[in-house]
Amino acid sequence: MKITIDRDRCVGAGQCVRAADEVFDQDDLDGCVVLLVSRPSERLSAEVRDAERFCPSGAIEIHDA
Amino acid sequence: MTETEIRPTGASAPAFPKDRTCPFQPPESYAQLRGDAPLTQVRLFDGRMAWMVTGHAEGRALLADPRLSSEWGNPIFPVVVQRTEGRGGLSFPLIGVDDPEHARQRRMLIPSFGVKRMAALRPMIQRDVDGLLDAMLEKGPTADLVSAFALPVPSMAICSLLDVPYGDHDFFEERSRDFVGAATSAEADAAFAQLHQYLHGLVERKRDEPGDGLLDELIAVQLAEGKLDYDELVLMTLVLLVAGHETTVNAIALGALTLLQHPEQLDALRRDPALISQTVEELLRFTSVSDYMVRLAKEDIEVGGETVKAGDAVIVSITLMNRDGKAYEDPDTFDIGRSARHHVGFGHGIHQCLGQNLARAELEIALGTLFARIPDLRLAVPLDEVPIKAGHDAQGPIELPVTW
């Protein structure tokens, strides 16, 4: 699983951090999403899928490979 | 947009909105809108046809679709509440504008509403909640839970976050309530004008004597750098202040009421206080304080087997999306054991509630502490005597008489 984020789409709702805080954070200065790990381990995949599903602005994309 | 026309609807289409009978249940007549079709047609007070979106998946897709507009200033933007007719032209920051204007405004605010920033506010919210319950218990054993607790909790929090003097709360709580809930447009407009004037004066004072809140940051940075003009700042503060008051107060009061009416669920929460977070998510799903969102189609959109035409009014029914059987098993059952996290109680898309993590903190602390401190809390009147808001307003009790 590989994750990409589009910070231009981010609206700072924080759903990703709530779903998967080992993978996503929010930048202290601009409040937008920060990707901590772009290829998370299998253990985190369910959380990451929640983060993608709950993101209100479509800023998170998962690429399965 | 010049090609579009407002479509009227047949008199047979059901009128929207209807008032709830039970404070935490959809109006009974909405049952006819809850069939298999994710979109149905309803009639607004002015005879205009609107699409009522009731499907969870379809509603989420539409709320995230940039072809649907939130531009309140558009002369053909749908009017749901008669008293707000003619308010077109005033474009409210954040809630009443589309991107890119919306993104520019929201970006100034999101660092102040982040998950970690809201977590850091928890000790302050806990102190406020403890103090309010101390006062309520001292005056008791009866109280109006709305005025004694549900209202001051979010009011104190948003005042602290913005650095608006809480000492003025009677003034702006009353104006805020009239602005969104007055019976006539004249009263609502007067309340708006007074709030506007108050905030204008506050910004003026803060320019000379800065405080330490979000409003001060906006003055010192965004206003000073010309990224925000003066009127926009005043209106943005007004939106934040009103949004901070008129939503969470209902969620706390309606949440407490819903738990009181489901004693087995309340017992489960008492046995395991760690369930408070998912209890709050289930309450947000089940009660849908923000009953609906209004949008205007800017282009034709194919959705749920229908064509929403450019110029059509769209009502996204948060209440019915949150009760969609395709998204939730036994959707009409209040069950704090379920995972309700994909509810749309805060909306979806770019306008999803900016203050949602503040609201979650307030709800978790307020409801968790309320039932821990007053284990024998109960309604002081029968449920059908609890006065509730009209169908077009944020949903919740106007007063909630309780005893212990």
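Residues numbered from 1 in each chain as written. Chains lettered and ligands numbered in written order. Predicted model: local features only at pLDDT ≥ 70, side-chain atom pairs only at ≥ 80, totals over all residues. Heavy atoms only, no water.

An unreviewed UniProt entry annotates chain A as Ferredoxin of Streptomyces cinnamoneus. UniProt's Function (unreviewed entry) comment on chain A is quoted here verbatim: "Ferredoxins are iron-sulfur proteins that transfer electrons in a wide variety of metabolic reactions." In UniProt, chain A has this text filed under Cofactor (unreviewed entry): "[3Fe-4S] cluster". (UniProt positions renumbered as here; feature names shortened; annotations may be inferred.)

Bringing the overall build of chain B into the picture now. Check the secondary structure of chain B and you find 15 helices and ten strands. Over its C-alpha atoms chain B spans a radius of gyration of 21 Å, differing by no more than 12% from the 22 Å that the globule rule assigns to 404 residues. Taking the principal axes of its C-alpha atoms as reference, chain B extends roughly 60 × 55 × 40 Å. Within chain B, the proportion of its 404 residues that are buried is 55%. Residue pairs at least 24 apart in sequence account for 73% of intrachain contacts in chain B once pairs closer than 6 positions are excluded. (Helix = DSSP H or I, 4+ residues; strand = E, 2+ residues; numbered from the N terminus. Rg over C-alpha atoms; globule rule 2.2 N^0.38 Å. Buried < 20%, exposed > 50% of the residue type's maximum accessible area, 1.4 Å probe, protein only. Contact = heavy atoms within 4.5 Å.)

Moving on to the nonpolar core. The nonpolar side chains of a soluble globular protein tend to be buried with one another. All names here are of chain B. Counting 111 residues, the largest nonpolar core has Leu109, Phe149 and Leu370 as the members making the most contacts within it. Looking at this core, the element that brings in the most residues is helix 10 (residues 230-246), giving ten residues. Those residues within four positions of Leu370 in sequence are excluded, and the remaining contacts are Leu133, Met136, Leu145, Phe149, Ala256 and Leu377. The next biggest cluster of nonpolar side chains, apart from the first, holds 17 residues, and it includes Leu62, Met293, Val314 and Val344. (Core = buried A, V, L, I, M, F, W, Y, C linked by side-chain atoms within 4.5 Å.)

This brings us to the side chain of Arg175 of chain B. Residues and elements named next belong to chain B. Within the secondary structure, Arg175 sits in helix 7 (residues 169-181). Relative accessible area serves as the criterion here: at 16%, Arg175 is assigned to the buried category. Apart from residues no more than four positions distant in its own chain, Arg175 is found in contact with Ala191, Gln194 and Leu195.

We now examine the packing of aromatic side chains. For any pair of aromatic rings, geometry is given as the distance between the ring centres together with the angle between the planes. All names here are of chain B. Across all of its chains, the model carries ten aromatic pairs over all chains by this definition. Note on Phe171 and Tyr198: the rings are 5.3 Å apart at their centroids and 45° apart in plane angle, and the pair reads as tilted. Separated by 27 residues along the polypeptide, Phe171 in helix 7 and Tyr198 in helix 8 (residues 185-208) bring together distant segments of the chain. When its relative accessible area of 26% is taken as the criterion, Phe171 is described as partly exposed. An angle of 35° between the planes, with centres 5.4 Å apart, marks the rings of Phe179 and Phe192 as tilted. Here Phe179, found in helix 7, pairs with Phe192, found in helix 8; they are 13 residues apart in sequence, far enough to count as distant. According to the relative accessible area criterion, Phe179 is buried, its value standing at 10%. On the accessibility criterion, Phe192 (15% relative accessible area) is buried. A network of ring pairs unites the aromatic residues Trp72, Phe92, Phe179 and Phe192 as a single cluster. Residue placement shows Arg285 over the ring face of Tyr328; its charged tip is 4.9 Å from the ring centre. (Phe/Tyr/Trp six-rings, centres within 6.5 Å; stacked < 30°, edge-to-face > 60°. Lys NZ or Arg CZ within 6 Å of the ring centre and 35° of its normal.)

What follows covers the interface of chain B and chain A. Often the size quoted for an interface is simply the accessible area lost on bringing the parts together. Contact with chain B, which involves 19 residues of that partner, is made by 25 residues of chain A. Summing both partners gives a buried area of about 1800 Å² for chain B against chain A, and 43% of it is carried by carbon and sulfur. Note that Asp25 of chain A and Lys116 of chain B form a salt bridge whose closest N and O atoms lie 3.1 Å from each other. Where chain B packs against chain A, one counts 15 residue pairs in polar contact (both at pLDDT 80 or more). Going through the elements one at a time, helix 2 (101-109), helix 3 (115-120) and helix 15 (356-373) of chain B are the ones with two or more residues in the side of chain B that touches chain A. Per-element tally for the side of chain B that touches chain A: the top contributor is helix 15 of chain B, with three residues. (Buried area = accessible area lost by both parts, 1.4 Å probe. Salt bridge = Lys/Arg side-chain N within 4 Å of Asp/Glu carboxyl O. Polar contact = N/O pair within 3.5 Å; in protein donor to acceptor, adjacent residues only side chain to side chain.)

Residue and element names in this part refer to chain B. Close contact between helix 13 (residues 276-287) and helix 15 brings their axes to 9 Å; oriented N to C, the two are set at 110°. What the angle tells us is that helix 13 and helix 15 run roughly perpendicular. Taken as a pair, helix 13 and helix 15 cross one another with a handedness that is right-handed. Two secondary-structure elements touch here, helix 13 through Ile276, Ser277, Val280, Glu281, Leu283 and Leu284 and helix 15 through Arg360, Leu363, Glu364, Leu367 and Gly368. In terms of residue class, the contact of helix 13 with helix 15 is made up of six nonpolar, two polar and three charged. (Axes fitted to C-alpha atoms, helices over the stretch in contact; angles between N-to-C directions. Parallel < 35°, antiparallel > 145°, perpendicular 65-115°, else oblique. Left-handed = near helix turned anticlockwise from the far one by under 90°. Nonpolar A, V, L, I, M, F, W, Y, C, P; charged D, E, K, R; others polar.)

All names here are of chain B. Residue placement: Met321 occurs in helix 14 (residues 318-321). For the pair Met321 and Pro331, spaced ten residues apart in sequence, the C-alpha to C-alpha distance is 9.8 Å. Contacts of Met321, omitting those with residues within four sequence positions, involve Val53, Thr54, Gly55, His56, Gly59, Arg60, Val316, Tyr328 and Val344.

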